[in-house]
Amino acid sequence: MKTVEKMEFSYLQQAKDYVDEVYEMVKKRNPDQVEFQQAVKEVFDSLIPVLAKHPNYMQQAILERMVEPERTITFRVPWVDDKGKVRVNRGYRVQFSSALGPYKGGIRFHPTVNESIIKFLGFEQTFKNSLTGQPIGGAKGGADFDPKGKSEMEIMRFTQSFMTELSKHIGPDLDVPAGDIGVGAKEIGYMFGQYKKLRGAYEAGVLTGKGIGYGGSLARKEATGYGTAYFMDAMFKDNGLSLDGCKVIVSGSGNVSIYAMEKMVELGANVIACSDSDGYIYDENGIYLETVKRLKEEEQGRIREYIKEHPHAMFKEGCSGIWEIPCDIALPCATQNEIDDSAARLLVANGVKAVGEGANMPTTLEAIEIFLENNILFAPAKAVNAGGVAVSALEMAQNSARLAWSFEEVDSKLYEIMNNIYTTSTKAAEDYGQPGNLVLGANIAGFIKVADAMIAQGII
Ligand code: NDP
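Keep in mind the model is a prediction, meaning the values are calculated, not measured. (Residues numbered from 1 in each chain as written. Predicted model: local features only at pLDDT ≥ 70, side-chain atom pairs only at ≥ 80, totals over all residues. Heavy atoms only, no water.)

## Regarding helix H5 (residues 115-131)
Then, in step 1: End to end, H5 covers 25 Å across 17 residues, agreeing with the expected 24 Å (1.5 Å per residue, within 8%).
Then, in step 2: Burial within H5 is extensive, with 16 of its 17 residues counted as buried.
Then, in step 3: The N-cap of H5, judged by a side-chain oxygen 3.0 Å from the amide nitrogen of serine 116 a few residues on, is asparagine 114.
Then, in step 4: After H5 finishes, the residue glycine 133 shows a positive phi value of roughly 80°. (Helix = DSSP H or I, 4+ residues; strand = E, 2+ residues; numbered from the N terminus. Expected span 1.5 Å × (residues − 1). Buried < 20%, exposed > 50% of the residue type's maximum accessible area, 1.4 Å probe, protein only. Polar contact = N/O pair within 3.5 Å; in protein donor to acceptor, adjacent residues only side chain to side chain.)

## Thoughts on the sheet that holds strand E1 (residues 71-80)
Then, in step 1: The mixed open sheet is built from five strands, whose spatial order is E1-E2-E4-E3-E5. The outermost strands of the open sheet, each flanked by one partner alone, are E1 and strand E5 (175-178). The sheet shows a mean angle of 20° between the axes of neighbouring strands, direction not considered.
Then, in step 2: With four bridges joining them, strand E3 (residues 103-109) and E5 adopt parallel strand pairing. Bridge assignment links glycine 106 to a residue of E5, and that residue is alanine 178.
Then, in step 3: Across the sheet, H5 lies against E1, strand E2 (86-97), E3 and strand E4 (138-143), angled at about 150° from E4, the strand it touches most. (Pairing = 2+ DSSP bridges. Axes fitted to C-alpha atoms, helices over the stretch in contact; angles between N-to-C directions. Contact = heavy atoms within 4.5 Å.)

## Some thoughts on the site of the ligand
Then, in step 1: With respect to spatial proximity, 25 residues lie near the ligand, and among them Asp180, Thr224, Ser277, Arg302 and Asn360 are the closest.
Then, in step 2: Side-chain polar atom of lysine 148 to an oxygen atom of the ligand: 3.1 Å apart, as the coordinates give it.
Then, in step 3: Residue asparagine 360 places a side-chain N or O atom 2.8 Å away from an oxygen atom belonging to the ligand.
Then, in step 4: Burial of the ligand by the protein chains amounts to 84% of its free accessible area of 900 Å².
Then, in step 5: For the shell around the ligand, the secondary structure elements donating two or more residues are helix H8 (220-238) and helix H9 (255-266).
Then, in step 6: For the shell around the ligand, the class distribution of residues is six nonpolar, 12 polar and seven charged. (Near = heavy atom within 4 Å. Areas by Shrake-Rupley, 256 points an atom, 1.4 Å probe, with all protein chains shown as cover. Nonpolar A, V, L, I, M, F, W, Y, C, P; charged D, E, K, R; others polar.)

## A word on the pairing of E4
In summary, the side chains of a regular strand alternate between the two faces of the sheet.
Then, in step 1: With six of six residues buried, E4 lies mostly within the body of the structure.
Then, in step 2: Covered by surrounding structure in E4 are Gly138, Lys140 and Gly142 together with Ala139, Gly141 and Ala143, the residues of both alternating faces.
Then, in step 3: Relative to E4, E2 runs antiparallel, the two sharing six bridges. For valine 94, the partnering residue across the bridge sits in E4 and is lysine 140.
Then, in step 4: With three bridges joining them, E3 and E4 adopt parallel strand pairing. Bridge pairing in E4 places arginine 108 opposite glycine 142.
Then, in step 5: The β-α-β motif built from E3, the intervening H5 and the parallel element E4 has right-handed crossover chirality. (Right-handed = clockwise from strand over helix to strand, strands pointing away.)

## Description of unusual backbone geometry
Then, in step 1: A positive phi angle is found at asparagine 337, which is not glycine, with a value near 50°.
Then, in step 2: As for its position among the elements, asparagine 337 is in the loop between strand E10 (329-332) and helix H12 (341-349).
Then, in step 3: A positive phi angle, near 50°, is found at methionine 361, a position not held by glycine.
Then, in step 4: Among the structural elements, methionine 361 can be located in the loop between strand E11 (354-356) and helix H13 (365-373).

## A look at the packing of aromatic side chains
Then, in step 1: Counted according to the given criterion, the structure contains 20 aromatic pairs.
Then, in step 2: When the centroid spacing of 5.4 Å and the interplanar angle of 85° are considered together, the rings of tryptophan 79 and phenylalanine 145 count as edge-to-face. Separated by 66 residues along the polypeptide, tryptophan 79 in strand E1 and phenylalanine 145 in the loop between E4 and helix H6 (152-166) bring together distant segments of the chain.
Then, in step 3: For tryptophan 79, a relative accessible area of 4% puts it in the buried group.
Then, in step 4: Since its relative accessible area comes to 1%, phenylalanine 145 is described here as buried.
Then, in step 5: The aromatic ring of tyrosine 23 is capped on one face by lysine 41, whose charged end is 5.4 Å from the ring centroid. (Phe/Tyr/Trp six-rings, centres within 6.5 Å; stacked < 30°, edge-to-face > 60°. Lys NZ or Arg CZ within 6 Å of the ring centre and 35° of its normal.)

## A look at the domain arrangement of the chain
Then, in step 1: Domain assignment breaks the chain into domain 1 (3-67), domain 2 (71-202) and domain 3 (222-384).
Then, in step 2: One C-alpha centre belongs to domain 1, the other to domain 2, and the line joining them spans 30 Å.
Then, in step 3: Across the boundary between the two partners, domain 1 contributes 11 residues, which contact nine residues of domain 2.
Then, in step 4: Along the contact surface separating domain 1 from domain 2 lie zero salt bridges.
Then, in step 5: Where domain 1 touches domain 2, the interface holds four residue pairs in polar contact (both at pLDDT 80 or more).
Then, in step 6: It is helix H2 (residues 34-53) that contributes the most residues to the side of domain 1 that touches domain 2, seven residues altogether. (Domains from an automatic or database assignment. Salt bridge = Lys/Arg side-chain N within 4 Å of Asp/Glu carboxyl O.)

Laid out in structure tokens, this is it:
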């Protein structure tokens, strides 16, 4: 064996051993955090070639440093319900990395929120934010509060109490939260109001996803969904395919799902099914999106109500059955681990061409393996759903400059950013010997920028 080859071989083995060792440490130190472990495993498995090529990352203990958040804040959120009863929830903010800029990432209100979920989201967010090419670090936060069934006043009181503590840890140059599941423009508005009152200053850039009238950006609401569609379009074109007439299934019917559906239809595809946490609707000739939008955005209704207005369509209880419908493109846009190995096998057997993770980590590790083995075009979350945070960073830029750009201006920047993310991830996959593997490409491209910034900034 030639010396260079021998050296590369030895670094490859060293990189595999290093990744295994750090992953074992992650499991040992975070024994109950299965979602966090899953997110770390997905990233680590992709990094072996880059670590072998740049052993300096191993010498600098970059992985050990990256898996430990810079700061984790857990706090009590007391509030009073409409009956006068005192309730207590648990709030979180995990500030993962400030290597590239102020911490940035959404807030989730959902009963399933715990430290593992917030850490997996914050870890992923760091690489996603890096991929956008914008100067933002990674964070995530939330609370195990269930907004479902709560009155307007209860939501406001809870959100204000949450912000009373969170306000001590955020700021326009420090940490800039946004929305996520259960946190939309309304909750952001309440949070912003409370922050402003506590600070006694109008710091517009402290939160993104604000209302348009007080510092929000046009196209932020649409950004994650539109960005997902732009990314799928770029991937299809690059592979000599077209979205025209493709049958699409989108899980969920929240912010990401609605605007992914809207843009996919505009780009020529036909969305035939979507869901909420009760079940899914199937409308074989194409979903009437205006009905879904009205039900979900205006009336806070349930997806089952769709069939009252469109009786030819079908509603089925349970969310996982949606993946049994034959389609060309599957866009899981609801929540983590929606597509497991059996759903993945069904999708492949039914001829799916592409899968795009609109939600964060909606596909299990086993399911990703099945898609990659079967040469299905697979767009990982940190690349395909980065449009939301990208436009959040544009909102920060507008707030700093005290300017408001037009919808078209923001949308065209979003389009460009999504196409850049596609190109960067594709190139990294090629450079590291696995053309077309965007899981590997996105992880590597996101990782390198963060790792290099950490090395440049010293051991801190
Ligand atoms: P929303 O709260 O607006 O919507 C979530 C949707 O998913 C709702 O329709 C909800 O139904 C549905 N849902 C929840 N659990 C399930 C389930 N098990 N099966 C089927 N549907 C389910 O959240 P977002 O659209 O903002 O977020 C969705 C995903 O996208 C999350 O993973 C989030 O982290 C990710 N994301 C969001 C971004 C954003 O800008 N908003 C940015 C990047 C990623 P129900 O109404 O019944 O609860």
